[in-house]
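What follows is each chain in one-letter form.
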Amino acid sequence: MSRLETIRQACPYIIAEVANAHNGDPRQLRGLVEAAAAAGADGIKFQWFKYDALAMPDYRWYDDYVRLFINEAAWEDVIRRCEQTSLDLWVDVYDAWGYGMAERYVDTIVGVKLMPSVVGEPELPLKVLRFGKPTILGVGGYEDAAIDRLLNRFKEARDRLILMHGFQGYPTREEDA
């Protein structure tokens, strides 16, 4: 049975979404792993990105991205802790840095998410899909016809794709959550 089939049989399969709740603090990140494990989550999902791929230094949120960045050594510690707690590791891949991390830890990663801003890129999604992992495609903001084109483009991986719709706004206003 494939990993995705196993995931689909677990009703519900719960992924703890960390996003940037760690505030750039590796100790807080580790605490979130402990909390997800204690809460009984099946998996945990992190966002792997480097600030310079997300924005230019003159962008108003750039300094926040720098502050939120977690280096590879800290991630390695967290990945080991996920393995010890039996949490499945899921990651968002935004850029070349995140892809490099995913490539290094591909044997540990259970699944990958590609954000709507990345899904339409020419190369990154195809490289991620070659991992052979269940892949969440963020399709928030996409029209039905565009989603159909994506599914046709990624038809070889269709049995591993999970479509995820969501509100597109950052930072998300409270009333939009």
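Check the entry above for the structure.
Conventions and cut-offs
The residue count restarts for each chain, going from 1 along the sequence in the order it is written. Predicted model: local features are reported for residues with pLDDT of at least 70 only, side-chain atom pairs are reported and counted for 80 or more only, and whole-chain, interface and lining totals are derived from all residues. As a rule here, side-chain values cover all heavy atoms of the structure and leave hydrogens and water aside. In this analysis, strands are considered paired if DSSP registers two or more bridges between them. What counts as a helix is a DSSP run of H or I of at least four residues, what counts as a strand is a run of E of at least two, and both are numbered from the N terminus. Seen with its strands pointing away from the viewer, a crossover is right-handed if its path from the first strand over the helix to the second goes clockwise. The cut-offs for exposure are 20% and 50% of the maximum accessible area for each residue type, with area from a 1.4 Å probe on protein chains only; residues under the lower value are buried, those over the upper are exposed, and the others partly exposed. Pairing of N or O atoms within 3.5 Å defines a polar contact, subject to two protein rules: one partner must be a possible hydrogen donor and the other a possible acceptor, and residues neighboring in sequence count only if both atoms are side-chain atoms. Any two residues whose heavy atoms approach within 4.5 Å are treated as being in contact. Buried Ala, Val, Leu, Ile, Met, Phe, Trp, Tyr and Cys residues form a nonpolar core when they are joined through side-chain atoms within 4.5 Å. Salt bridges are defined as contacts in which a side-chain nitrogen from Lys or Arg sits within 4 Å of a carboxyl oxygen from Asp or Glu.

Please clarify how the pairing of strand S6 (residues 161-164) should be interpreted in this entry.
Regular strands show a simple pattern: their side chains alternate between the two faces of the sheet. In the sheet, strand S5 (residues 135-138) pairs with S6 via four bridges, with the strands oriented parallel. Across the sheet, the residue bridging to Ile-136 is Ile-162, located in S6. Regarding the hand of the β-α-β motif, the stretch spanning S5, helix H9 (residues 144-153) and S6 is right-handed.

Please clarify how the side chain of His-22 should be interpreted in this entry.
Relative to the assigned elements, His-22 resides in the loop between strand S1 (15-19) and helix H2 (26-39). With relative accessibility at 1%, the residue His-22 sits in the buried group. A distance of 2.8 Å separates the side chain of His-22 from the backbone nitrogen of Gly-24, its partner in a polar contact. Sequence-distant contacts of His-22, defined by excluding residues within four places in its chain, comprise Gln-28, Leu-29, Leu-32, Leu-68 and Ile-70.

Hey, could you run me through the environment of Arg-130 in this one?
Looking at the element boundaries, Arg-130 is found in the loop between helix H8 (124-129) and S5. The spatial distance from the C-alpha of Arg-130 to the C-alpha of Glu-156 is 9.9 Å, given a sequence separation of 26 residues.

What am I meant to see in the nonpolar core here?
When a protein is soluble and globular, its nonpolar side chains tend to lie buried together. Among the nonpolar cores identified, the biggest contains 50 residues, and Ile-44, Phe-46, Trp-48, Trp-75, Val-93, Ile-109 and Val-128 are the most heavily contacted of them. The element best represented in this core is helix H5 (residues 72-85), accounting for five residues. Setting aside chain neighbours within four positions, we find Trp-75 in contact with Leu-29, Phe-46, Gln-47, Trp-48, Ile-70, Trp-97 and Met-101.

Explain the pairing of strand S2 (residues 43-48) to me, please; I cannot follow it from the model alone.
For S2, a buried count of six out of six residues is recorded, marking the element as mostly surrounded by other parts of the structure. Burial of the side chains of S2 extends over both faces: Gly-43, Lys-45 and Gln-47 are buried on one face and Ile-44, Phe-46 and Trp-48 on the other. Note that S1 and S2 share four bridges and pair parallel. Across the sheet, residue Ile-15 finds its bridge partner in S2, namely Gly-43. For the segment spanning S1, H2 and S2, crossover handedness is right-handed. Taken together, the six bridges between S2 and strand S3 (residues 88-93) define a ladder with parallel strand orientation. Of the residues in S3, the one forming a bridge with Phe-46 is Val-91.

Would you explain the pattern of salt bridges in this entry?
Pairs may arise between side chains of opposite charge once their charged atoms sit close together. Under the counting rule described, the total for this entry stands at nine salt bridges. With a shortest N-O distance of 3.5 Å, Arg-27 and Asp-25 are connected by a salt bridge. In this structure, Glu-34 engages Arg-81 in a salt bridge whose closest nitrogen and oxygen atoms are separated by 2.3 Å. Within this pair, whereas Glu-34 is found in helix H2, its partner Arg-81 is found in helix H5, the two being separated by 47 residues in sequence. If you follow the salt bridges from partner to partner, you end up with Arg-30, Glu-76, Asp-77 and Arg-80 in one network.

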